[in-house]
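The residues making up each chain are set out below.
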Amino acid sequence: MGTYLLRRSLGIPPLLLSASVVIFLLLRFSPGDPAEVILAQSGEYAVDKETVAQLRREWGLDLSLPAQYGRWLGQVARGDFGRSFSTSRPVSELLVERLPATLQLTVGALLVALVVATPLGILSAVRSGGLLDGFCRLIALAGVSMPGFWLGLLLIWTFSVRLGWFPAIGSGTFRHLVLPTVALAAGVAATQTRLIRASLLEVLGQPYVDVARAKGLAERIVIVRHCLRNALIPAITALALSVGGLLGGAAVIETVFAYPGLGKLAVDSIGSRDYPVIQAYVLLMTLVFVFSSLLVDAAYSVLDPRIRLGARAQ
Amino acid sequence: MTTASALLRVVVRDERPRLRRRSVFRLVDHAGLAGALLLAGVVTACLAAPLLAPADPIRVNLPAQLQPPSAAHLMGTDNFGRDILSRVLHGGRVSLGVAAAATLISLLISLVLGGLAGYLGGLFDDLVMRTVDLTLAFPRLVLAITIAGLLGAGLGSVVIAIVAVSWAWYARVIRGMVLQAREEQYVLAAHAVGASVPRVLLRHLLPAIIGQLAVLTSLDFGRIILAISALSFLGLGIRPPAPEWGAMLNESRLFFARQPELMLYPGLAIFLTVLGANLLGDALSDALDPRRNRR
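Residues numbered from 1 in each chain as written. Chains lettered and ligands numbered in written order. Predicted model: local features only at pLDDT ≥ 70, side-chain atom pairs only at ≥ 80, totals over all residues.

## Section: the overall build of chain A
Our working definition: We count a stretch as a helix when DSSP gives it H or I for four or more residues in a row; a strand needs E for two or more, and each element gets its number in order from the N terminus. Neighbour density around each residue's C-beta defines its exposure: 20 or more other C-beta atoms within 10 Å make it buried, 12 or fewer make it exposed, and counts between make it partly exposed, where C-beta atoms are placed from the backbone. The contact rule is simple: place each C-beta atom from the backbone, and if two of them lie within 7 Å, those residues are in contact.
Secondary structure assignment for chain A yields 14 helices and 0 strands. The order of helices and strands in chain A, counted from the N terminus, is α-α-α-α-α-α-α-α-α-α-α-α-α-α. Expressed as lengths along the three principal axes of its C-alpha atoms, the size of chain A is roughly 85 × 55 × 30 Å. Within chain A, the proportion of its 314 residues that are buried is 44%. Here the contacts in chain A between residues at least 6 apart in sequence split such that 75% fall between residues at least 24 apart.

This is the structure we're talking about:
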């Protein structure tokens, strides 16, 4: 397991490095000049060439692309993400400020999704064909088909506007977290429920399950001891993808609830071409995504000895 | 299934889930058909929007602002007095059109790159797969939002953003299918009689994977619709006043506390479309390969 994970981790730095090049080029080749955009946004109507040129010099945008990239990479290596174009504040400060809110939201949503999906998926598979299964499948299908931000709007309408139980926007207290967490978690919970159900059903059809039953084992033991471990592997693999979905989904959900997280910061920064903030955001999200995939692989190899022993079919 | 385990099944009063599921939930058996009908219904309604829509989706009529549903306006009117039903119908043409364009372009790119990578192997394969890995390293929606945002609001930006994040996934799957099909006798035979690479790919390999491709596309179509609506909800899609489902939801945010219909119906339209695509995709993947896991 050690060597497998080591091999996997060794691939991460080059991947992140290439990713940083992609992000960098994406920004530099996109239309819209940050100096002009930010001057226009600050309310200066007559944007004169001199001011634009001065800002571009100040931000290092007048350098050649390799020089700009090299400078940025050097800074990032020292943990410095530069200063935001629009607010002039250090990007790392902005990120640190916004990170806790987004972490609360995404980690909360992930936990809620798992806590809801695991029992529902198992129950659905075990009681396959029954009324409960039909109900679970219907709910899960609705969950994967529903845009999270629409669910967010529906939740605001029901629980904030009509019932007044939870605040519609903002952050700070637990009550602020409830609606956005549910809106973000629903899709992941539904996907996981469907996956767990499908893979458990698949496992239940295997000959070794028949053997366990033929031995006279209680159904509960058959499910828990013999089936779950194998059945959860595909679900865990999909979890890495779900984390990626949560990171992007958070940006949308944060916008719905005017929740001051990283995603909202990024969406606003993209609008104003705030290169340092966008670069740091995308890089950070990619880092989280890549590491959660690694983590999932680690969990996977604990569950599946074939992988641990290095016999993984590519 | 070996004979021994088949016998075992009989002995231990087989309760094979798959069999039970079929008999009990009749409704679920017809889910694929329902999905196809639902999708067809939505597409037809949107295509026929100019005929069906009771009013002009763009013309402002301020005196009729924010009216609840009535006989004249079945879904009510928005903050500009525009008929919501007409906007939902016309908006669907945009949403579905963008989704169809993005799906087709992604498929085309990935068929060429994935197909060639799988068939040729070697350096080209390495190059394509490294690019695929790199693309898949980004969280899908994060990259899509960034690209669409940087390109500036517009339908083209949305299509490009969706294609940029979708092609890699398709390409990887298509490459896998081609790798499998490549060793089949008929492909080797075609190669042996001197068929050109495009000919082998188009005439021999494409038909072999087209079924799986249909499953893949229908399963992904719902996700693409969701991604597109998320982008336009963030204001990155079509420019106002043209209607589009995600954009309508975005515009509804200031007014839906007074007039919930504003966000109810465009969201419902997205939901039903994605539901139809998912039902159809599930049924197709079951029909074509009953043993495969549903993703």
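From this point, the narrative continues.
## Considering the overall build of chain B
When you go through chain B residue by residue, the secondary structure sums to 13 helices and 0 strands. Secondary structure elements of chain B, listed N to C terminal, follow the sequence α-α-α-α-α-α-α-α-α-α-α-α-α. For chain B, with 295 residues in total, the buried portion stands at 47%. Sequence separation of 24 or more characterises 69% of the internal contacts of chain B that already satisfy a separation of 6 or more.

## Some remarks on the nonpolar core
Applicable threshold: Among buried residues, those of type Ala, Val, Leu, Ile, Met, Phe, Trp, Tyr and Cys that are joined through C-beta atoms within 7 Å form a set called a nonpolar core.
The biggest cluster of nonpolar side chains holds 171 residues, and the ones touching the most others in it are Ala144, Ile162 and Leu231 of chain B. The leading source of residues in this core is helix H11 (residues 219–256) of chain A, at 19 residues. If near-sequence neighbours (up to four positions away) are discounted, isoleucine 162 of chain B is found in contact with Ala102, Ala144, Ile224, Ala227 and Ile228 of chain B.

## With respect to helix H10 (residues 207–214) of chain A
All names here are of chain A. Rules: Working definition: the arc comes from the directions between the helix axis and the C-beta atoms, pointing outward to the latter.
Of all the residues in H10, the buried ones are Val209, Asp210, Ala212 and Arg213. Projected onto a plane normal to the axis of H10, the buried residues spread over an arc of 160 degrees and lie on a single side. Backbone geometry just after H10 places glycine 216 at a positive phi near 90 degrees.

## Regarding the interface of chain A and chain B
Quite often, the size of an interface is put as the accessible area lost when its parts meet. Note the cut-off: Residue polarity is assigned by list, with Asp, Glu, Lys and Arg as charged and Ala, Val, Leu, Ile, Met, Phe, Trp, Tyr, Cys and Pro as nonpolar; anything else, Gly included, falls into the polar class.
Of the residues lining the interface, 54 residues belong to chain A; the matching set on chain B comes to 47 residues. Elements with a contribution of two residues or more to the side of chain A that touches chain B: helix H2 (12–28), helix H7 (131–145), helix H8 (148–162), helix H9 (174–204), H10, H11, helix H12 (262–271) and helix H13 (275–303) of chain A. Of all the elements, H11 of chain A adds the most residues to the side of chain A that touches chain B, at 9 residues. Looking at the side of chain A that touches chain B residue by residue, the classes come out as 33 nonpolar, 17 polar and 4 charged.

## Focus on the packing of H8 of chain A against H11 of chain A
Residue and element names in this part refer to chain A. Definition in use: To obtain each axis, a line is fitted to C-alpha atoms, and for helices this fit is confined to the stretch in contact; angles are then taken between N-to-C directions over 0 to 180 degrees. Angles are sorted into four bins: roughly parallel if under 35 degrees, roughly antiparallel if over 145, roughly perpendicular if 65 to 115, and oblique for all others. Each crossing is labelled by how the near helix is turned from the far one, with a counterclockwise turn of less than a right angle marking it left-handed and a clockwise turn marking it right-handed.
The contact between H8 and H11 brings their axes to 9 Å, and the two run at 25 degrees. It follows from the interaxial angle that H8 and H11 lie roughly parallel. By crossing handedness, the relation of H8 to H11 is classed as right-handed. Contact residues: H8 offers Gly148, Phe149, Gly152 and Leu153, while H11 offers Gly249, Val252, Ile253 and Val256. Class assignment of the residues belonging to the contact of H8 with H11 gives a composition of 5 nonpolar, 3 polar and no charged.

## Observations regarding the environment of aspartate 125 of chain B
All names here are of chain B. With respect to the element layout, aspartate 125 can be found in helix H7 (residues 122–137). Accessibility expressed as a C-beta count within 10 Å gives 18 for aspartate 125, which makes it partly exposed. When the C-alpha positions of aspartate 125 and glycine 114 are compared, they lie 8.2 Å apart, and in sequence the two are 11 residues distant. Among all residues touching aspartate 125, those that are not within four sequence positions of it are Ala117 and Leu120.

## Some details on unusual backbone geometry
Cis peptide bonds are those with omega within 30 degrees of zero, and the linkage from proline 240 of chain B to proline 241 of chain B qualifies with 10 degrees. Inspection of the secondary structure puts proline 241 of chain B in the loop between helix H11 (197–233) and helix H12 (245–252). For alanine 258 of chain A, which is not glycine, the phi torsion reads 45 degrees and is therefore positive. Taking the number of C-beta atoms within 10 Å as the measure of exposure, alanine 258 of chain A has 13 and is therefore partly exposed. A positive phi angle is found at arginine 273 of chain A, which is not glycine, with a value near 55 degrees. Checked against the element boundaries, arginine 273 of chain A lands in the loop between H12 and H13.

## Quick word on H8 of chain A
An α-helix turns once every 3.6 residues. As a result, residues three or four positions apart point the same way. All names here are of chain A. The condition that has to hold: By this rule the span expected of a helix is its residue count minus one, scaled by 1.5 Å. Bend is the name given here to the angle between axes fitted to two runs of seven residues, the run ending at a residue and the run starting at it.
Here H8 spans 20 Å end to end across 15 residues, near enough to the 21 Å set by a 1.5 Å rise per residue. Most pronounced at isoleucine 156, the bend in H8 amounts to some 25 degrees. Gly148, Phe149, Trp150, Leu151, Gly152, Leu153, Leu155 and Ile156 are the residues of H8 that are buried. A positive backbone phi angle near 70 degrees is found at glycine 164, which sits one or two residues after H8.

## Observations regarding the confidence of the model for chain B
Low-pLDDT stretches of the model should not have their predicted coordinates read in fine detail. Residues and elements named next belong to chain B. What counts is decided by this rule: As a per-residue measure, pLDDT tells how confident the predictor is, with possible values from 0 to 100.
Per-residue confidence for chain B gives a mean pLDDT of 83, with 88% of residues at or over 70. When the criterion is pLDDT under 50, residues 10–27 qualifies, and its contacts beyond four places in sequence or with other chains add up to 24 contacts. Scored by ipTM, the complex comes to 0.87, with pTM at 0.85.

## What to know about the environment of isoleucine 196 of chain A
Structurally, isoleucine 196 of chain A is set in helix H9. Taking the C-alpha atoms as reference points, isoleucine 196 of chain A and alanine 235 of chain A, separated by 39 residues in sequence, lie 5.7 Å from one another.

## Details of the environment of leucine 249 of chain B
Mapping leucine 249 of chain B onto the fold places it in helix H12. Leucine 249 of chain B gets classed as buried once you count the C-beta atoms within 10 Å, which come to 29. Residues leucine 249 of chain B and alanine 230 of chain B, 19 residues apart in the sequence, show an inter-C-alpha distance of 9.7 Å. Those residues in contact with leucine 249 of chain B that sit more than four places away from it in its chain are Phe149, Trp150 and Leu153 of chain A together with Phe233, Met263, Pro266 and Gly267 of chain B.

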